[in-house]
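What follows is each chain in one-letter form.
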Amino acid sequence: DRCRRLFCHPILTMSSSTSSHTRRSVTQRLRRNKSRAVVAAAAAARDENNVRTPHSGYHYDNTPRRFFEGWYWRVTMPSHETSFALIYSREDPFDDGDNKDTFNSVGVQIMGPNDGYLAREARGADNTQSFWARRNELALGFVFGAQNRPPLGQLPRGALLSALDARRTSGFSATATRHEGVLDAMEWPNEPTCTVSSARWSFDTTPVLGWGGGAHDRQKATAGWLAALPVFEPHWQVLMAHGTSTGTFTWGDTTYEFEDAPTYAEKNWGGSFPRKWFWAQCNDWTSGASDDAAPASVTLAGATRASPLSAGGLEDVAILAVHVGGAYYEVSPMVGTVSWDVSPWGRWHASGSTSDGRVQITLDAECAQEAGVPLRAPTADGGLATFCRDTFHGDVRVVVKEDGVVVAELQSDSCALEVGGGPWWSTWRCETAMSEVTRTLLRLDGVDAVAEDLLKTVFP
């Protein structure tokens, strides 16, 4: 079946060892070191609600269908020249006792320094009862082995970690502004295996950019207003294009302390991940980002996704978006076209322009063949299964032009890169092929704001 074929893909059979990568020295990195006064002033002037995006809340609607929701946070630690990512997933919450074919589970995966990996999963209705998530805001949590659903989001700072230590168990709590958790390794029947025995984290996050503009702009649904309806498989939303985090992260025996570390967050929900996809993300730069209160963030995503509005039920879509200098630039089928040339592993190229030709964006990224680690993702017929490969160690260059003039040229050696699904036997060269029906609907002026306001109580 599809999952067994994927285990044989080149991207999943590479060495997943955490071999060291040659890294540029700190003295070669041109980091944006804002003064404490600038950071404090920016934080004081910014209300977290101003950058809250649509779809921040939990989407499960209590129906007995195949369903997952997944959350991803990445924290880049420039002073340590590495990153970590927290990845949470909830699958098939519905269980009436008769449906034995579901994948009712809660999963936690962590990508650690040097492409390390740690994961744990609880399966079955009896083992997932303590999971909680709020429908009207970004907040969720879980305790492995607990039989009740406590109000973990209401616990005082540090109380969750103390409770987990007392119970000698794993768990987490995550909101838009606060993260705590402990995770012990679990033996999995298939690759990838865990590279450390445990992890522990505690940090605060200040959201700076949501999606589609600055703190004073209306925040947008990444996939357009149709994401308010159960149309695409899956749905996707960038929750925070940029934020800053301060706290600690312990990976095995090593504890990392960080302050004002660049942070990014996104989520997916639906029946399963796309059939095939690629992704790139960066919000920490060696050059090109202005040294002011307007941070730069780049996100690229492309996929073959399910859509009932397209012939054959599938469509190839992509988006390349840049927040920089207080402005937002996007090329996608909603506003223009995007083409890409992505290898099975090691090279990502994408470029596009708006329909009027005023904005052009190009992204080129690469990583070493030995870089990366396989990750698990929700699949339609296998639950949480090995389905993609990621690394934090990508070199990337992004150029944004407006009216023929270069308005931003960004470079970094800490770009997150991913390919997933498949098959990936050869380079994927394609151009967005969204149906005219979908394109026309998404381009209707003003409908996005009306639809999101009307439906946010149902699909928050």
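Residues numbered from 1 in each chain as written. Predicted model: local features only at pLDDT ≥ 70, side-chain atom pairs only at ≥ 80, totals over all residues. Heavy atoms only, no water.

Draft legend 1. Region of interest: the overall build of the protein chain. If you tally the helices and strands in the protein chain, you get six helices and 22 strands. The 460 residues of the protein chain split such that 57% are buried. Counting contacts in the protein chain only where the partners sit at least 6 residues apart, residues at least 24 apart contribute 65% of the total. Element-wise, carbon and sulfur atoms account for 50% of the exposed surface of the protein chain, whose accessible area totals about 18,300 Å². (Helix = DSSP H or I, 4+ residues; strand = E, 2+ residues; numbered from the N terminus. Buried < 20%, exposed > 50% of the residue type's maximum accessible area, 1.4 Å probe, protein only. Contact = heavy atoms within 4.5 Å. Areas by Shrake-Rupley, 256 points an atom, 1.4 Å probe, with all protein chains shown as cover.)

Draft legend 2. Empty space enclosed by the protein, seen in detail. Following the criterion strictly, the structure yields three cavities of 30 Å³ or more and no others. In this model, the largest cavity occupies a volume close to 650 Å³. Lining the largest cavity we find 40 residues, and of these W236, E266, N268, P274 and A301 sit closest to its centre. The set of elements that each furnish at least two residues to the lining of the largest cavity consists of β1 (68-77), β2 (82-91), β11 (254-270), β12 (276-282), β13 (297-306), β14 (314-324), β19 (373-379) and β20 (383-402). Its residues assigned to classes, the lining of the largest cavity shows 27 nonpolar, seven polar and six charged. (1 Å grid on protein atoms, 1.4 Å probe; cavity = no way out; pocket = protein on both sides within 12 Å on 5 of 7 lines; lining within 4 Å. Points joined across faces, edges and corners; volume = space filled by probe spheres on them. Nonpolar A, V, L, I, M, F, W, Y, C, P; charged D, E, K, R; others polar.)

Draft legend 3. Examining the state of the cysteines more closely. Counted by the stated rule, this structure contains zero disulfides. The thiol of C367 is not disulfide-bonded; the next cysteine sulfur, from C415, is found 9.5 Å away. Residue class for C367 comes out buried when judged on its relative accessible area of 12%. (Disulfide = S-S within 2.5 Å.)

Draft legend 4. Quick peek at the sheet that holds strand β6 (residues 139-143). Across the sheet, which stays open at both edges, the 11 strands sit in the order β4-β3-β2-β1-β11-β10-β9-β8-β7-β6-β5 with antiparallel pairing between neighbours. Each edge of the open sheet carries a strand with a single partner, namely β4 (116-123) and β5 (132-133). With two bridges connecting them, β5 and β6 associate as antiparallel partners. Across the sheet, W132 pairs through a bridge with G141, a residue of β6. Those strands touched by helix α4 (residues 159-167) are β6, β7 (171-175), β8 (178-184) and β9 (198-209), and its axis lies near 15° from that of β8. (Pairing = 2+ DSSP bridges. Axes fitted to C-alpha atoms, helices over the stretch in contact; angles between N-to-C directions.)

Bear in mind that shape data such as this cannot, by itself, settle questions of function.
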